[in-house]
Every structure is written in structure tokens, then in C-alpha cells.
Amino acid sequence: MFNRKRHHGRGPQCCPPQTMPTQFDPPQFSPPEQYVRTNYIHTVVPHVQPAHITTVNKHIIDHQYYFPCTENVVNECCENHTLCGMPHNHCHMPQHHMGHHKHMGMGMGY
């Protein structure tokens, strides 16, 4: 490995290096880095809102009033017989002209 040469009269001679055991210094700590871990927890909350339906059946009674009407027509006829002075001969005057007559009739209903 190492060549040992002798040098006469010249400075120190080199020896092969020696491996010393590993030494440990105390650890150097940096300020900690901050991390945030978020945990999501899913929670189901059932909300029960019952409903009740009441069906109301309303019966509407419609009273309808009718007023049927019949109609009659009455035709009246009035006759007047007027004597305007006395005839010359009473015996020649017809009988039906001597009195007052009224005629009435009923018509058909509508």
C-alpha cells in the first residue's frame, strides 16, 4: 500500500493514516416545520318530519227554485146600444135594439 522510502536527512516521514472511531456531536435542531392534517368525518343526521293529510269532502247542495207561470188572456167585448131620440113608431123598432147587452169570453191559456 504505502511505499516506504527512506529519505535521508529530509523532513518527517509519513505514516499510513489511521482510522479512528466515528464521533458524534450533539444533534442540531432546526425550528419545527408546521403541517396541518385535516380529518373529515362524515356524519349523517336523519331528520324525520312526519306529515298527515286530512281530506275534507264538502258536499254543496244547490237549491234551485223555479216559478212556472201560466197565463190566460181574457177578451172582453162591450156593446152599447143608444137610442138617440124616439122613433116615430114604437111598434116598428126591433126588440134587440131596446136594451143594453154585455158579452164576455175567456181565451186559451198560454
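Calculation rules
- Residues numbered from 1 in each chain as written.
- Predicted model: local features only at pLDDT ≥ 70, side-chain atom pairs only at ≥ 80, totals over all residues.
- Heavy atoms only, no water.
- Helix = DSSP H or I, 4+ residues; strand = E, 2+ residues; numbered from the N terminus.
- Buried < 20%, exposed > 50% of the residue type's maximum accessible area, 1.4 Å probe, protein only.
- Contact = heavy atoms within 4.5 Å.
- Areas by Shrake-Rupley, 256 points an atom, 1.4 Å probe, with all protein chains shown as cover.
- pLDDT = per-residue confidence, 0-100.

1. Concerning the overall build of the protein
Part 1 of the argument: From N to C terminus, the protein includes zero helices and two strands.
Part 2 of the argument: Evaluated residue by residue, the protein yields a buried proportion of 1% over its 110 residues.
Part 3 of the argument: A separation threshold of at least 6 residues defines the contact pool for the protein, and within that pool the share at least 24 residues apart is 58%.
Part 4 of the argument: With the model as given, the accessible surface of the protein reaches about 13200 Å², and the carbon-plus-sulfur share is 56%.

2. Remarks on the confidence of the model for the protein
Caution is warranted with low-pLDDT regions, since their predicted coordinates should not be read in detail.
Part 1 of the argument: Looking at the protein, pLDDT values average 79 and 72% of them are 70 or higher.
Part 2 of the argument: Low confidence marks residues 97-110, where pLDDT is under 50. Its contacts with residues over four positions away, or in another chain, come to 31 contacts.

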